[in-house]
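Single-letter residue listing:
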Amino acid sequence: GQQLNQSPQSMFIQEGEDVSMNCTSSSIFNTWLWYKQDPGEGPVLLIALYKAGELTSNGRLTAQFGITRKDSFLNISASIPSDVGIYFCAGRYNDYKLSFGAGTTVTVRA
Amino acid sequence: EADIYQTPRYLVIGTGKKITLECSQTMGHDKMYWYQQDPGMELHLIHYSYGVNSTEKGDLSSESTVSRIRTEHFPLTLESARPSHTSQYLCASSPRQGPGELFFGEGSRLTVL
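Residues numbered from 1 in each chain as written. Chains lettered and ligands numbered in written order. Predicted model: local features only at pLDDT ≥ 70, side-chain atom pairs only at ≥ 80, totals over all residues. Heavy atoms only, no water.

Caption draft 1: Up close: the packing of aromatic side chains. On inspection of all chains with the given rule, the structure shows seven aromatic pairs over all chains. With 5.3 Å between their ring centres and 80° between their planes, Phe 100 of chain A and Tyr 35 of chain B make a pair best called edge-to-face. Remark: Tyr 35 of chain B occurs in strand β4 (residues 31–37) and Phe 100 of chain A occurs in strand β10 (residues 98–100); the pair is interchain, linking two chains. The structure contains a cluster of three or more aromatic residues connected by ring pairs, namely Tyr 35 and Phe 100 of chain A together with Tyr 33, Tyr 35 and Phe 104 of chain B. Above the ring of Phe 74 of chain B, the side-chain terminus of Arg 68 of chain B is found at 5.9 Å from the ring centroid. (Phe/Tyr/Trp six-rings, centres within 6.5 Å; stacked < 30°, edge-to-face > 60°. Helix = DSSP H or I, 4+ residues; strand = E, 2+ residues; numbered from the N terminus. Lys NZ or Arg CZ within 6 Å of the ring centre and 35° of its normal.)

Caption draft 2: Seen up close, the interface of chain A and chain B. Each partner contributes residues to the interface: chain A has 22 residues there, and chain B has 24 residues. Summing both partners gives a buried area of about 1,900 Å² for chain A against chain B, and 52% of it is carried by carbon and sulfur. Applying the counting rule to chain A against chain B returns one salt bridge. Its salt-bridge partner being Glu 41 of chain A, residue Arg 9 of chain B comes within 4.0 Å of it at the nearest N-O pair. Our enumeration of links across chain A and chain B arrives at five residue pairs in polar contact (both at pLDDT 80 or more). When residues in the side of chain A that touches chain B are grouped by element, the largest group, four residues, is from strand β4 (residues 31–37) of chain A. Grouping the amino acids of the side of chain A that touches chain B by side-chain chemistry returns twelve nonpolar, six polar and four charged. (Contact = heavy atoms within 4.5 Å. Buried area = accessible area lost by both parts, 1.4 Å probe. Salt bridge = Lys/Arg side-chain N within 4 Å of Asp/Glu carboxyl O. Polar contact = N/O pair within 3.5 Å; in protein donor to acceptor, adjacent residues only side chain to side chain. Nonpolar A, V, L, I, M, F, W, Y, C, P; charged D, E, K, R; others polar.)

This is the structure:
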């Protein structure tokens with residue numbers, strides 16, 4: 001698969017904060033996807049991006065497909081406790097395959 | 001909404017046992033996948049299928065095997081489990097047409113003692 005670099009690896013959030021994470025690669029992708037995974041569950045699709053430059057929102061989530069097609073970011077606005085989990089970016093590079101980033105673990109700050 | 005089911009959700013077995021992880025989807029999707037995920041790590045593709053009687057190896061080498069005799073069913077088998085096979089196995093599917101969004105099952109967590 002193609003290498004995706006996702007950052008940060010982990011972050012602590014306080015309720016109400018805006019948080020941001022991103023994914024970069026040296027390879028070009030034709031689709032970017034953002035998934036969230038709760039403990040013991042499979043990943044659930046949050047946002048899908050299909051065109052370079054595209055900016056898409058899903059509730060408090062906003063994601064963008066980078067102009068170079070080599071990067072994407074995800075923003076969460078006004079975070080709430082249920083936002084905790086692991087967020088994965090994924091890039092589609094052919095008809096059948098996705099490459100996944102290593103994930104960003106979001107935890108509530110005590 | 002995606003309907004893809006994996007069983008068992010959790011399995012603890014001894015070394016040398018044969019195991020089969022089941023995956024079924026009710027969406028009529030042509031493409032199905034198996035990913036392996038260690039705790040806190042990324043997903044690695046180990047097998048995929050783009051239709052009945054087609055199976056391919058993924059990017060991560062795996063000693064497991066798969067079969068696709070029916071569209072809705074994509075089981076994964078380990079003939080002789082070893083502790084190194086301990087991991088979470090995630091099944092996914094996607095339709096033939098469309099942008100390639102994957103719909104995941106809840107996963108099967110395998111522990112080999």
